[in-house]
Amino acid sequence: MPHDTAIARLRNLLGDRLSTSEAIRDHHGQNESYYPVTLPDAVAFPETTEEVSGVMRICHEEGCPVVAWGTGTSLEGHALAFHGGITLDLSRMDKVLAVHDEDLDATIQPGVTREALNTELRATGLFFPIDPGANASLGGMAATRASGTTAVRYGTMKDNVLALEVVLADGRVIRTGSRARKSSAGYDLTRLIVGSEGTLGIITELTVKLHGQPEAISSAICAFEDIETAVSAVQMVIQMGIPVARIEFVDSISIRGFNVHAGTAMPEKPHLFLEFHGSESAVAEQAERVGEIVAEFGGGDFQWTNKPEERNALWHMRHNAYYASKALRPGCWALTTDVCVPISRLAEAVAVTRADIDASSLEATILGHVGDGNYHCAILIDPDSPAELAEAKELAHRMNTRALEMGGTVTGEHGVGLGKMKYMDEEHGAAWAVMAEIKRALDPTNILNPGKMVQVN
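Every value quoted in this text rests on a predicted model; they were computed, and no experiment measured them. (Residues numbered from 1 in each chain as written. Predicted model: local features only at pLDDT ≥ 70, side-chain atom pairs only at ≥ 80, totals over all residues. Heavy atoms only, no water.)

Focus: the overall build of the protein chain
Heads up, the rule is: Secondary structure is summarised from DSSP: a helix means a run of H or I of at least four residues, a strand means a run of E of at least two, and numbering begins at the N terminus for each. Classification of residues uses two cut-offs on accessible area relative to the type maximum, computed with a 1.4 Å probe and protein chains only: under 20% is buried, over 50% is exposed, and between them is partly exposed. Throughout, a residue-residue contact means that at least one pair of heavy atoms, one from each residue, lies within 4.5 Å. In this description, accessible areas are obtained by the Shrake-Rupley approach with a 1.4 Å probe, and a residue is regarded as covered only by the protein chains that are shown. Only four residue types enter the charge count, namely Lys and Arg as positive and Asp and Glu as negative; His and the chain termini do not. A charged residue contributes its charge at one atom only: NZ of Lys, CZ of Arg, CG of Asp or CD of Glu.
A tally of regular secondary structure across the protein chain gives 17 helices and 18 strands. Taking all 457 residues of the protein chain together, the buried fraction comes to 57%. In the protein chain, 70% of the contacts between residues at least 6 apart in sequence involve partners at least 24 apart. Of the roughly 18,400 Å² of accessible surface on the protein chain, a fraction of 50% belongs to carbon and sulfur atoms. Of the side-chain charges in the protein chain, 38 are positive and 61 negative, and the distance between the mean point of each set is 3 Å.

What follows is the structure in structure tokens.
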């Protein structure tokens, strides 16, 4: 094994919390996308910042790669150890350290999941709103700058992380930011680390913003005859300034997947799923105004409800869209990708993507958090067919280049990982080289998640 010395030293530090068993390595070599199983040489399970620091000092001295692991739900190969080395599983660092009700913030360890945090907050009247669907760890969500269904109202992780504790590549521990809501003191290192995908440091503590539970919540669903009118209705809702909490688009193929996976019987047409937060009167007014816009664009029966069981069923179905897509072709892989475009180009982008897929030999679903111009595509492929994988990659390539041509980005949510590296130069130009300079300064031996985000060799 190429990193025997590092592994021996790490075993002295962690004891049986350093594992080389094939089963544990295999678990940490899996991913939610089409990448092959990629086993690390060993998996470390630290329980304190001091232990993470010790791991990094050893790996820095031994030139051993380190890939951080939260819950393994990323989609672009972020958490796979393509260069071997150590997977650093932070799931045991899962404590809520402090909740400051009066300041609307909480300090947590990186292994705390979003559902666990909200369970802890139930008695406070507060909640953490960022909802990427999967029950991801907060450390992983910060590292990938996650967002999700509520981003149109509450922003993304970059808007909701106040401060971090970070272990650097050589084992140094730094703190970025503070519990104050704003600062003019120095470089914004918090925002630099958020979204760096484990390439600049290991997050060992986060202070996040909390929000008050809304007095009233209602959800709505509506069908449309075609993609263009559904997405155009979204554009109008956003341009009218209606403060929707969620506004999700799902195409007709996605609806077919829901019907198969969840046993529903919805008409196989494009749909919008919406949610409204606020006072009872504000929620009713928002729903009424959106209903009027939907009618203008030829939407069908605008059904809305404030019953928790009906709302939960709707969003549970939406959060399982990935698995619903795969249910359309049992045994398939899903090449899942996302882009984000200016809201004025959204209807065109989605419609052209749908036409491009329909002209191919593959089946795929389109859905997304279209309130902020972000949409996703899951292309279903036979895992044993190189030809289908190549065709899927070409579809995704055209989707990415189209987004750039429209003034958008190749990823609004999934991140770069390995899968979007090829587009970084086209999207960022000389700024991508600056990112590489930052990487070299903070990680001169390139041990932190090497081969992801930037090119340093």
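Some thoughts on unusual backbone geometry
A positive phi angle, near 50°, is found at arginine 145, a position not held by glycine. Mapping arginine 145 onto the fold places it in the loop between helix H5 (138–143) and helix H6 (151–154). Despite not being glycine, asparagine 446 has its phi angle at roughly 55°, a positive value. Turning to its location among the elements, asparagine 446 is positioned in the segment after helix H17 (430–442).

Here's the deal with the layout of surface pockets
Cut-off, in case you're wondering: Cavities and pockets were defined on a 1 Å grid built over protein atoms only: a cavity is a set of grid points that admits a 1.4 Å probe from which the probe cannot escape, a pocket is an open set flanked by protein on both sides within 12 Å along at least five of seven lines, and lining residues are those with an atom within 4 Å of any such point. Grid points are joined across faces, edges and corners, and a volume is the space filled by probe spheres set on the points. The residue classification treats Ala, Val, Leu, Ile, Met, Phe, Trp, Tyr, Cys and Pro as nonpolar and Asp, Glu, Lys and Arg as charged. All others, Gly included, are polar.
The computed volume of the second largest pocket comes to approximately 670 Å³. If you go around the second largest pocket, you meet 33 residues; those closest to its centre are Arg145, Val194, Gly195, Val416 and Met453. Contributing elements (two or more residues each) for the lining of the second largest pocket: helix H8 (189–193), helix H16 (424–428) and H17. Looking at the lining of the second largest pocket, its residues break down into 12 nonpolar, 13 polar and 8 charged.

A short note on the packing of aromatic side chains
Selection criterion: Two aromatic rings from Phe, Tyr or Trp, using only the six-membered ring of Trp, form a pair when their centres are within 6.5 Å; if the ring planes differ by under 30 degrees the pair is stacked, by over 60 it is edge-to-face, and anything between is tilted. Throughout this description, the term charge over a ring refers to an Arg CZ or Lys NZ atom that lies within 6 Å of the ring centre and within 35 degrees of the ring normal.
Applying the stated criterion to the full structure yields 6 aromatic pairs. Judged by centre distance (5.7 Å) and plane angle (90°), the rings of phenylalanine 127 and tyrosine 154 are edge-to-face. One end of the pair, phenylalanine 127, is in strand S7 (residues 126–127); the other, tyrosine 154, is in helix H6, and 27 residues separate them in sequence. For tyrosine 154, a relative accessible area of 12% puts it in the buried group. With a centroid separation of 5.2 Å and an interplanar angle of 85°, the aromatic rings of tyrosine 322 and tyrosine 323 are classed as edge-to-face. Owing to a relative accessible area of 16%, tyrosine 322 belongs among the buried residues under this scheme. An aromatic cluster of at least three residues, connected via ring pairs, comprises Tyr34, Tyr35 and Phe82. Sitting over the face of the ring of tryptophan 315, arginine 246 holds its NZ or CZ atom 4.8 Å from the ring centroid.

As for the environment of alanine 396
The topology assignment puts alanine 396 in helix H15 (residues 386–405). Judged by its relative accessible area of 7%, alanine 396 falls in the buried class. A sequence separation of 18 residues divides alanine 396 from alanine 378, and the C-alpha atoms of the two residues are 9.5 Å apart.

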